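Here is what each chain is made of, one letter per residue.
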Amino acid sequence: MATVKDFGNSIRPTWCPGCGDYGIWNALKRAFAASGYEPDEIMMVTGIGCGSKMNDYMHISGLHTLHGRTLAVATGFKLANPGMKVVCVHGDGDGYGEGGNHFLHTVRRNIGLVDIIENNHVYGLTRGQYSPTSRPGFRTRTSPSGAIDAPMNPVALAIAEGATFVARSFALDLEQLSGLVVQALEHRGYALIDVMQPCVSFNRAMDYDWYRSRVYKVEDEGHDPSDRLAAMAKAFEYPGGENRIPTGILYRREDVPSYEEQVTAIQREPLVDQPLHVRQSDDYQALVQAFV
Amino acid sequence: MAAVDITFRIGGEAGQGVESGGAGFAKALARGGYHVVGTPDYYERIRGGHNFFTIRASDEPVYAVGESVDVLIAMDSESLARHVSKLVPQSAIVLDEETSVPEGALDGYGGVVARLPLLKIATDHGAPVMVNTGALAAAAQLVGFDLEFIIGVIADNFGRKGSEVVDANRKVAQDVARVAQQRYGQVIEPGLAAREQPAQAVLDCNRAFAMGAVMAGCKFAAGYPMTPWSSVLEYLAGHADAYGMVVKHAEDEIAAINMVVGASHAGVRALTGSSGGGFDLMVEGLSLAASIEVPLVVYLAQRPGPATGLSTRTAQGDLMMAIYSSHGEWPRFVLAPHTAEEFWASAGRAFNLAERYQTLVIVLADDYASTTVVSRPAALFDYDSLVFDRGKLLTREDVEALEGPYLRFRVTDDGVSPRLPPGNGPKSVYLASSNLHDEDGHITEDPDVTVRVAELRKRKAARMLAEMEGPRRFGPESADVTFLAWGSSYGPVREAMERVNAQGGSANLFQFVDLWPLPVDKVRAALDGARRLVCVETNASGQLAHLLQAEMGIVAERLLRYDGRPLTARFIVEHLEA
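Presented here is a report on the structure given in the accompanying data block.

About the cut-offs
Residues numbered from 1 in each chain as written. Chains lettered and ligands numbered in written order. Predicted model: local features only at pLDDT ≥ 70, side-chain atom pairs only at ≥ 80, totals over all residues. Heavy atoms only, no water. Helix = DSSP H or I, 4+ residues; strand = E, 2+ residues; numbered from the N terminus. Rg over C-alpha atoms; globule rule 2.2 N^0.38 Å. Buried < 20%, exposed > 50% of the residue type's maximum accessible area, 1.4 Å probe, protein only. Contact = heavy atoms within 4.5 Å. Areas by Shrake-Rupley, 256 points an atom, 1.4 Å probe, with all protein chains shown as cover. Lys, Arg positive; Asp, Glu negative; His and termini not counted. Charge placed at Lys NZ, Arg CZ, Asp CG, Glu CD. Axes fitted to C-alpha atoms, helices over the stretch in contact; angles between N-to-C directions. Parallel < 35°, antiparallel > 145°, perpendicular 65-115°, else oblique. Left-handed = near helix turned anticlockwise from the far one by under 90°. Buried area = accessible area lost by both parts, 1.4 Å probe. Salt bridge = Lys/Arg side-chain N within 4 Å of Asp/Glu carboxyl O. Nonpolar A, V, L, I, M, F, W, Y, C, P; charged D, E, K, R; others polar. Pairing = 2+ DSSP bridges. Right-handed = clockwise from strand over helix to strand, strands pointing away. Polar contact = N/O pair within 3.5 Å; in protein donor to acceptor, adjacent residues only side chain to side chain. Phe/Tyr/Trp six-rings, centres within 6.5 Å; stacked < 30°, edge-to-face > 60°. Lys NZ or Arg CZ within 6 Å of the ring centre and 35° of its normal.

**Comments concerning the overall build of chain A**
Alright, step 1. On a plain count of helices and strands, chain A comes out with 9 helices and 10 strands.
Alright, step 2. Here the C-alpha radius of gyration of chain A, 20 Å, is about what a compact globule of 292 residues would show, namely 19 Å.
Alright, step 3. Along the first, second and third principal axes, the C-alpha set of chain A runs to 70 × 45 × 40 Å.
Alright, step 4. Counting only residues that meet the buried cut, chain A has 60% of its 292 residues in that class.
Alright, step 5. Residue pairs in contact within chain A that sit at least 24 positions apart in sequence constitute 71% of those at least 6 positions apart.
Alright, step 6. Roughly 11100 Å² of accessible area belongs to chain A as shown, and the carbon and sulfur atoms make up 51% of that amount.
Alright, step 7. Distance from the positive charge centre (27 side chains) to the negative charge centre (34 side chains) of chain A: 5 Å.

**Section: the packing of helix α7 (residues 205-215) of chain B against helix α8 (residues 230-243) of chain B**
All names here are of chain B.
Alright, step 1. Packing of α7 against α8 leaves a shortest axis separation of 9 Å and a crossing angle of 30°. Between α7 and α8, the crossing angle belongs to the class labelled roughly parallel. Of the two possible hands of crossing, α7 and α8 adopt the one that is right-handed. Note on element contacts: α8 touches α7 through Ser231, Val232, Tyr235, Leu236 and Tyr243, opposite Asn206, Arg207, Phe209, Ala210, Met211, Ala213 and Val214.

**Comments concerning the interface of chain A and chain B**
Alright, step 1. Each partner contributes residues to the interface: chain A has 54 residues there, and chain B has 63 residues.
Alright, step 2. For the pairing of chain A and chain B, the buried interface totals around 4800 Å² over both sides, and the portion due to carbon and sulfur atoms is 65%.
Alright, step 3. On the chain A side of the interface with chain B, the three residues burying the most area are Leu276, Phe291 and Val292 of chain A, jointly 16% of the side's total.
Alright, step 4. Where chain A meets chain B, there are 2 salt bridges.
Alright, step 5. Ionic pairing is found between Arg109 of chain A and Glu251 of chain B, a salt bridge with its closest N-O pair at 2.5 Å.
Alright, step 6. Put simply, the parts of the chain that give the side of chain A that touches chain B at least two residues each are β2 (61-64), α2 (70-80), α4 (100-109) and α9 (281-289) of chain A.
Alright, step 7. It is α2 of chain A that contributes the most residues to the side of chain A that touches chain B, 7 residues altogether.
Alright, step 8. For the side of chain A that touches chain B, a count of residues per class yields 29 nonpolar, 18 polar and 7 charged.
Alright, step 9. Direction of pairing for β2 of chain A relative to strand β15 (residues 431-433) of chain B: parallel, over a ladder of 3 bridges. Following the sheet pairing, Leu63 of chain A is matched in β15 of chain B by Ala432 of chain B.

**Observations concerning the pairing of strand β8 (residues 220-223) of chain B**
All names here are of chain B.
Alright, step 1. The alternating pattern of β8 places Phe220 and Ala222 and Ala221 and Gly223 on opposite faces, both of which are buried.
Alright, step 2. With respect to chirality, the unit in which β8 leads through α8 into the neighbouring parallel strand β9 (residues 246-249) is right-handed.
Alright, step 3. Direction of pairing for β8 relative to strand β10 (residues 270-274): parallel, over a ladder of 2 bridges. Residue pairing for β10: Phe220 is matched across the bridge by Ala270.

**Concerning the side chain of Lys53 of chain A**
Alright, step 1. Mapped onto the fold, Lys53 of chain A is located in the loop between β1 (42-46) and β2.
Alright, step 2. Buried charge without a salt bridge: Lys53 of chain A, with Glu445 of chain B as the nearest opposite-charge side chain at an N-O distance of 5.6 Å.
Alright, step 3. Excluding its chain neighbours within four sequence positions, the residues that come into contact with Lys53 of chain A are Thr14, His64 and Leu125 of chain A together with Ile443 of chain B.

**Digging into the pattern of salt bridges**
Alright, step 1. Tallying each qualifying case throughout the model produces 43 salt bridges over all chains.
Alright, step 2. Measuring nitrogen to oxygen at the nearest pair gives 3.2 Å for the salt bridge that ties Arg279 of chain A to Asp283 of chain A.
Alright, step 3. A residue is classified by how much of its surface remains accessible, and Arg279 of chain A, at 30% relative accessible area, is partly exposed.
Alright, step 4. Here Arg207 of chain B makes a salt bridge to Asp204 of chain B, at a shortest N to O gap of 2.4 Å.
Alright, step 5. Take Arg207 of chain B: its relative accessible area is 30%, and that puts it in the partly exposed class.
Alright, step 6. Of the residues examined, Asp204 of chain B reaches a relative accessible area of 4% and is grouped as buried.
Alright, step 7. A network of salt bridges, in which partner residues are shared, links Glu221, Lys234, Glu237 and Arg244 of chain A.

**Considering the environment of Arg269 of chain B**
Alright, step 1. Looking at the secondary structure, you find Arg269 of chain B in the loop between α9 (253-266) and β10.
Alright, step 2. Counting along the chain gives 50 residues from Arg269 of chain B to Lys219 of chain B, while the straight-line C-alpha distance between them is 5.4 Å.
Alright, step 3. Discounting residues that sit within four places of it in the chain, Arg269 of chain B has contacts with Leu276 of chain A together with Ala216, Gly217, Cys218, Lys219, Phe220, Phe351, Asn352, Glu355, Phe388, Asp389 and Arg390 of chain B.
Alright, step 4. In this structure the side chain of Arg269 of chain B is engaged in a polar contact, spanning 3.1 Å, whose partner is the backbone oxygen of Asp389 of chain B.

**Some words on α4 of chain A**
All names here are of chain A.
Alright, step 1. Extensive coverage of α4 is indicated by the burial of 7 of its 10 residues.
Alright, step 2. Among the residues of α4, those classed as buried are Gly100, His102, Phe103, His105, Thr106, Val107 and Arg109.
Alright, step 3. Remark: Asn110 follows α4 within two positions and exhibits a positive phi of approximately 55°.

**Digging into the packing of aromatic side chains**
Alright, step 1. In this structure the tally under the stated criterion is 24 aromatic pairs over all chains.
Alright, step 2. Taken together, a centroid distance of 5.8 Å and an interplanar angle of 85° make the contact between Trp15 of chain A and Trp25 of chain A edge-to-face. Of this pair, Trp15 of chain A sits in the segment before α1 (21-34) while Trp25 of chain A sits in helix α1, and the two are 10 residues apart along the sequence.
Alright, step 3. On the basis of relative accessibility, which here comes to 6%, the residue Trp15 of chain A falls in the buried class.
Alright, step 4. With a relative accessible area of 14%, Trp25 of chain A lands in the buried category.
Alright, step 5. Through a chain of ring-to-ring contacts, three or more aromatic side chains come together here, namely Trp15, Tyr22, Trp25 and Tyr57 of chain A.
Alright, step 6. In this structure, Arg279 of chain A packs its charged tip against the face of Tyr243 of chain B, placed 4.7 Å from the ring centre.

Take a look at the structure:
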């Protein structure tokens with residue numbers, strides 16, 4: 001069985017010292033090992049951004065795609081090879097900005113993807129511009145007078161869209177995050193984990209202490225994750241209020257079939273395991289007869 | 001010369017069933033032993049507006065519809081106003097007796113106006129909608145065509161709705177034909193007496209391509225509806241469950257192309273397609289496929305741009321886009337089939353080329369090819385003739401037999417790295433990245449690797465060039481006028497060529513199918529000694545002519561049509577003389 005070490009490689013991350021990506025990196029390796037997966041059984045699809053280089057720094061099957069296209073590529077891969085666990089790792093700019101439309105539609109499909117958003121509320125790799133989750137008034141190179149846009153609430157959006165697993169975590173809480181990834185891997189359908197993550201270089205106002213003083217675990221307050229309206233109320237605590245950030249599983253249900261469970265062609269086996277032609281040659285030749 | 005060559009035109013309002021009636025009539029004529037070509041002309045609207053469908057039937061192969069009409073089936077009075085002037089002297093008009101004739105619309109018309117109780121008979125048998133059946137039956141009677149072929153197509157189309165529907169249509173057809181026979185007899189001579197002919201398929205190039213894709217083992221398709229590409233997606237979706245395909249109507253074209261890249265990376269044959277702006281949205285995704293070296297087949301059905309342009313009209317305005325779209329420098333194939341059977345075969349060929357070279361193959365169509373139905377011998381679409389080549393696709397066993405690690409992006413002499421899809425054991429663990437990467441897939445910015453990858457792509461491109469065939473010649477080896485064409489121009493240009501030759505001139509045609517990489521040596525050899533080159537295209541700038549000039553210094557006259565309407569032989573001949 002693969003250990004945490006088996007998911008590592010010799011490449012040193014290029015993240016800044018103190019970056020929240022390190023915490024996510026460790027939590028992922030830990031969760032994969034704890035779930036009993038081998039590196040060739042997980043396809044990690046990432047987008048573009050600092051944290052999307054995650055799969056370059058791991059021993060795992062990886063697809064490092066285009067900015068914002070993570071979920072679309074992952075969807076195609078999953079439908080062709082539903083036998084693999086597909087884990088998406090990308091930032092808030094990738095997942096909620098450039099990839100916003102894919103996010104909307106991937107959620108409502110309930111396709112079997114684990115979607116981890118490294119939500120640091122800023123663009124890091126392009127050196128500090130405001131993101132879809134940035135707070136109003138945030139001054140950056142592209143918002144020199146302070147951002148005017150209201151921040152996106154991805155968690156509320158996901159719940160509204162019929163998501164079946166909606167969670168939030170904090171990059172520094174290795175225990176909680178790896179545990180959530182383990183549960184997301186077991187989930188039937190799409191699982192969102194919105195990870196609160198500091199960017200030590202470009203979003204200094206939201207530093208470790210800022211997050212630490214705000215995050216709390218919903219289970220500690222008796223939250224029932226099967227209650228959609230209660231989950232929605234939790235989702236509206238942040239963004240919106242600034243003082244409390246709920247983490248843990250906000251909403252979860254296991255009675256909704258996943259997308260791939262409902263696609264005829266892959267009921268018996270994944271497309272990748274099927275021969276090029278699944279029917280007798282006469283059946284292919286018969287296609288012409290429809291036009292005669 | 002053809003013994004019989006009859007053109008029908010069915011005109012009516014959008015929603016009156018002009019297109020479905022036309023397509024059914026074309027199929028019936030083919031079953032009766034005639035070569036047919038049928039093309040719709042419609043507006044971007046679902047109800048209202050004038051639509052018409054033109055069908056030409058002949059005992060000789062036909063390549064394009066013409067301009068003159070022998071039988072006009074006018075489903076409304078506007079059809080009279082618009083099309084009477086196109087009728088030849090010995091011709092007929094089928095008209096419901098209650099349709100008003102606009103004042104002066106028939107002035108000077110010397111043919112037969114068959115005013116028939118179409119609507120009344122249809123209503124008497126239970127449904128006014130059967131007026132279409134009656135109109136087609138009347139047309140059949142006027143040209144001496146056996147009604148049973150029309151009833152047979154109706155039975156195939158409506159059989160699912162039960163025999164009552166079929167029987168009612170049969171009665172309408174028979175009653176109308178009887179009245180038409182009593183009042184007018186057979187008007188067009190010689191008519192369309194049933195002929196013995198090997199079975200013919202009647203289909204447009206979109207469906208030919210889509211059928212070819214199913215036969216080629218396409219496993220995954222994703223797309224977003226857009227005219228005129230949609231019928232490819234619809235055909236694949238309609239056959240997905242029965243033929244083991246996953247077909248996804250995605251949220252947009254960007255999702256579609258990226259889904260296809262993901263599926264192809266997983267190791268299955270995958271395709272997408274679009275038109276105009278939908279293709280624009282896909283362009284970034286093309287470059288992802290190039291970076292991670294996955295096979296990709298994209299069907300591009302052109303329509304006039306820019307922006308929404310003329311959404312239901314035709315143009316060949318996107319050749320340059322097909323060849324040059326995307327950032328960065330990487331090789332691709334661009335193929336432009338010109339007949340239904342070529343479109344059918346090009347699907348399999350595209351998958352083979354895409355997998356052999358782990359690159360993009362664009363198959364170019366245009367609205368005219370996408371929507372025009374033609375009859376072709378069914379035997380041309382022979383599944384057993386297909387060849388399946390998956391290129392350097394490795395199995396888990398292949399890779400586990402290697403002594404060292406498996407390097408997905410190994411630098412090879414032929415520019416293609418053997419491919420093992422992920423999920424195939426411990427050695428299949430690698431990264432595929434849109435960033436520049438080394439042989440093991442990991443990201444690098446090393447200048448030596450940068451050069452090595454660029455040179456790998458060049459070696460690949462050089463081998464791809466050898467796959468390309470030169471233009472195909474039709475007509476005499478030597479001629480005063482050499483037409484150059486690509487895509488759907490083929491039909492009208494070939495007919496124009498035959499007209500020129502029949503009238504004592506001398507013309508031939510070189511049809512370009514393999515457009516990119518441009519096989520310059522083969523093109524040069526083909527065109528060597530040509531006296532006058534005339535490039536015929538449906539665009540405003542002459543994109544093939546430009547390509548030949550830019551790549552080879554060959555200068556051709558440009559005979560261009562760019563009003564959104566298809567080329568015709570007459571248009572070409574007239575503009576050639578001018």
